[in-house]
Amino acid sequence: MKTYLGFGLLIMTAVAAMGAPQTLTAPIRGHAVRKPAPPPAIYRKNVQGVVPRAIRGGNPLQMLNPRAPARYGTAEQSVVIDPETGKWKGIKLFEIIF
């Protein structure tokens, strides 16, 4: 009888152990902090010209409007002027300032 009781307790302990939730995770002891990636070489401030200004401005059709508000810029910002003649030479589509 004692063997049946001992064997029964052993079986019940095994069943209870199998039914209990088991977590197999190691304790976390401080992670190595990653350094942030270096910023890109070209910043939003460094890029100028007609196309970036049209994208940033919100309404690119206002760049064609002669009575547009000042926040859309002036023609002098978008045009290359020849220093000898004083006439416009071209349009600055993209301009990168370092």
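Residues numbered from 1 in each chain as written. Predicted model: local features only at pLDDT ≥ 70, side-chain atom pairs only at ≥ 80, totals over all residues. Heavy atoms only, no water.

### Quick look at the pairing of strand β3 (residues 88-91)
Relative to β3, strand β2 (residues 79-81) is paired through 3 bridges, and the arrangement is antiparallel. If you follow V80 over to β3, its bridge partner there is G90. (Pairing = 2+ DSSP bridges. Helix = DSSP H or I, 4+ residues; strand = E, 2+ residues; numbered from the N terminus.)

### A short note on helix α2 (residues 50-57)
Among the residues of α2, those classed as buried are V50, P52, R53 and A54. The secondary structure elements touched by the buried residues of α2 are β1 (47-48) and β3. Two residues or fewer after α2 comes G58, characterised by a positive phi angle close to 100°. (Buried < 20%, exposed > 50% of the residue type's maximum accessible area, 1.4 Å probe, protein only. Contact = heavy atoms within 4.5 Å.)

### Some points on the side chain of S78
Of note, S78 is situated in the loop between α2 and β2. Accessibility expressed as a relative area gives 8% for S78, which makes it buried. For S78, the side chain forms a polar contact with the side chain of R53, separated by 2.9 Å. In contact with S78, not counting residues within four places along its chain, are V50, R53, G90, I91 and K92. (Polar contact = N/O pair within 3.5 Å; in protein donor to acceptor, adjacent residues only side chain to side chain.)

### Focus on the pattern of salt bridges
Evaluation of the coordinates by the stated rule reveals 1 salt bridge. Residues K92 and E95 are paired through a salt bridge, measuring 3.8 Å at the closest nitrogen-oxygen approach. Judged by relative accessible area, K92 falls into the partly exposed class, the value being 22%. Judged by relative accessible area, E95 falls into the partly exposed class, the value being 24%. (Salt bridge = Lys/Arg side-chain N within 4 Å of Asp/Glu carboxyl O.)

### Quick look at the side chain of R53
Looking at where R53 falls in the secondary structure, it is placed in helix α2. Only 2.9 Å separates the side chain of R53 from the side chain of Q77, close enough to count as a polar contact. Discounting chain neighbours no more than four positions away, the residues touching R53 are M63, Y72, G73, T74, Q77 and S78.

Any functional reading would require information that these geometric values do not contain.
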